[in-house]
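Examining the three-dimensional arrangement
The primary structure of each chain is shown beneath.
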Amino acid sequence: MQFEIAVLPGDGIGPDVITEGIKVLEAIGKRFNHSFNLHEGLVGGAAIDAEGTALSDATIKMCRQADAVLLGAVGGPKWDDPLAKVHPEDGLLKLRGELGLFANLRPVKVSPMLVDSTNLKPEVIRGADFIFVRELTGGLYFAQPKKRWETAKGRMATDSMTYSEQEIERIVRVGFELARLRRKKLTSVDKANVLESSRLWRQVAMEVAKEYPDVALDHMLVDACSMRLIQNPTYFDVLVTENMFGDILTDEASMLAGSMGMLPSASLAGVPKEGVRIFGMYEPIHGSAPRRAGLDMANPIAIILSVAMMLRYSLGLDKEASVIEKAVDDVLSQGYRTYDIMAEGKTKVGTAEMGDLIAKKVKG
Ligand code: NAD
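It is possible for side chains of opposite charge to pair when their charged atoms get near one another. Applying the stated criterion to the full structure yields 21 salt bridges. Connected through salt bridges with shared partners, the residues Asp129, Arg182, Arg183 and Asp237 form a single ionic network.

This part is about the site of the ligand. Of all residues adjacent to the ligand, which total 20 residues, the nearest are Val74, Glu89, Gly287, Ala289 and Asn299. Within the contact set of the ligand, an oxygen atom lies 2.5 Å away from a side-chain nitrogen or oxygen of glutamate 89. Protein contact buries 69% of the 800 Å² of open area that the ligand shows by itself. A breakdown of the residues in the shell around the ligand according to their chemical character gives 9 nonpolar, 7 polar and 4 charged.

One open sheet accounts for 10 strands, arranged 2-1-3-12-11-4-5-10-8-9; its pairing is mixed. Of all the strands in the sheet, just strand 2 (35-40) and strand 9 (216-221) have a single pairing partner and so form its edges. Neighbour-to-neighbour, the strand axes of this sheet turn through a mean angle of 25 degrees, independent of strand direction. Pairing of strand 4 (residues 103-109) with strand 11 (residues 264-268) involves 3 bridges; the strand directions are antiparallel. Pairing of asparagine 104 across the sheet is with serine 267, part of strand 11. Contacts from helix 8 (residues 222-231) reach strand 5 (129-135), strand 8 (185-190), strand 9 and strand 10 (238-241) within the one sheet, and its direction differs from that of strand 9 by about 105 degrees. Across the sheet, helix 9 (residues 243-254) is in contact with strand 4, strand 5, strand 8 and strand 10; its angle to strand 5 comes to roughly 150 degrees.

Among the 6 residues of strand 3 (residues 68-73), 6 are classified as buried, and the element is accordingly described as predominantly covered. When strand 1 (residues 2-10) meets strand 3, the two strands line up parallel, connected through 5 bridges. Looking at the pairing, alanine 6 lines up with valine 69 of strand 3. Bridge count for strand 3 against strand 12 (residues 280-284) is 2 bridges, and the pairing is parallel. Paired with leucine 70 across the strands is tyrosine 282, a residue of strand 12.

On the secondary structure map, threonine 59 appears in helix 3 (residues 57-65). On the accessibility criterion, threonine 59 (5% relative accessible area) is buried. When neighbours within four sequence positions are excluded, threonine 59 is seen to be in contact with Leu8, Gly41, Leu42 and Glu51.

It is worth spelling out the domain arrangement of the protein chain at this point. Under the domain assignment used here, the protein chain contains domain 1 (1-112 + 263-364) and domain 2 (118-130 + 138-257). With 19 residues of domain 1 in contact, the opposing surface of domain 2 contributes 19 residues. Both faces combined, the contact of domain 1 with domain 2 buries some 1700 Å², and carbon together with sulfur accounts for 71% of it. For the pair domain 1 and domain 2, the number of links is 0 salt bridges. At the junction of domain 1 and domain 2, the tally comes to 3 residue pairs in polar contact (both at pLDDT 80 or more). For the side of domain 1 that touches domain 2, the secondary structure elements donating two or more residues are helix 4 (88-98) and strand 4. Sort the elements by how many residues they give to the side of domain 1 that touches domain 2 and strand 4 lands first, with 6 residues.

Parameters at a glance
Residues numbered from 1 in each chain as written. Predicted model: local features only at pLDDT ≥ 70, side-chain atom pairs only at ≥ 80, totals over all residues. Heavy atoms only, no water. Salt bridge = Lys/Arg side-chain N within 4 Å of Asp/Glu carboxyl O. Near = heavy atom within 4 Å. Polar contact = N/O pair within 3.5 Å; in protein donor to acceptor, adjacent residues only side chain to side chain. Areas by Shrake-Rupley, 256 points an atom, 1.4 Å probe, with all protein chains shown as cover. Nonpolar A, V, L, I, M, F, W, Y, C, P; charged D, E, K, R; others polar. Pairing = 2+ DSSP bridges. Helix = DSSP H or I, 4+ residues; strand = E, 2+ residues; numbered from the N terminus. Axes fitted to C-alpha atoms, helices over the stretch in contact; angles between N-to-C directions. Contact = heavy atoms within 4.5 Å. Buried < 20%, exposed > 50% of the residue type's maximum accessible area, 1.4 Å probe, protein only. Domains from an automatic or database assignment. Buried area = accessible area lost by both parts, 1.4 Å probe.

Okay, structure coming up:
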């Protein structure tokens, strides 16, 4: 089969890891006889420097014409000035908004090989395997009003936590559909004891639940959830939550997997169902780690697992996706580690060697 893939390397370690993601994608192409036509574009700081905007209209058009988008990471100290008119993250938010990518899927799976490489007790995290569904185009990051202004008493700023029932319904539905394909348990995370938007969230979740009697739904306050994630992470199967809660909780959850460099994500424009191809953007959950950029240090596993998610959700290539996931497990079980997941007695490798090892396993 033939596919069109938009590739946006971005800044910092973004280009370092994306090279490895493409290496593995091409290994899949060779083994299964698919061709992936890559269309490269700029996003984030790189786009600000070259095009004066964090995401040009031409790049959005290129992404729209593709089957899927693969993105590295954006940002860095060069573009950090809070007073700057444009920020690298504007490019990401614009992509999510313009492409309608409302559902962000972030699987967290503790690899048995890395159970000793984290800061948490092995007996607590062993077996943890859950998926976060984060709402991505609403809530505090998007809703209006969002502004700063001057008053006689000083400066003020506001962001709005606003959700419509339609926005809540479609994201909760993603949670239920994924739960159906897994252990049939959905935890909806909110702050319904304080926030009006969360009370609506909970009410809509309970209404949608009537269509999914086979899935057990529970509700958890976001503060309790942040505690439960490290106290008893095996409790969870699928979690669904609003934009900012999901942003914060998934960084916390990444520590269960050993490093930010291990966690992939998919941002989808539709509800995932078996046998349905959905347009999406795929990226690691980590940022641009500017201090590691260009040093052949960054862990490329997050982007490589993002490539696997792309094959599964946007290209309908489930078997190929599983081949990548198994190749990652095999390379880890042979003891190869990048610096961030390094442990005693293991073999330390750089970004490119980790990519080579995984691509070689994929080729079979
Ligand atoms: P970060 O994710 O870049 O780094 C956090 C920590 O994790 C650092 O210690 C870093 O070295 C490490 N790390 C991250 N990815 C790694 C990898 N693949 N392998 C090994 N170690 C890895 O977050 P930060 O330091 O808070 O932010 C750096 C820049 O990235 C900022 O400009 C921020 O705005 C931006 N950012 C971008 C995104 C994105 O593009 N989606 C997300 C978060 C932060």
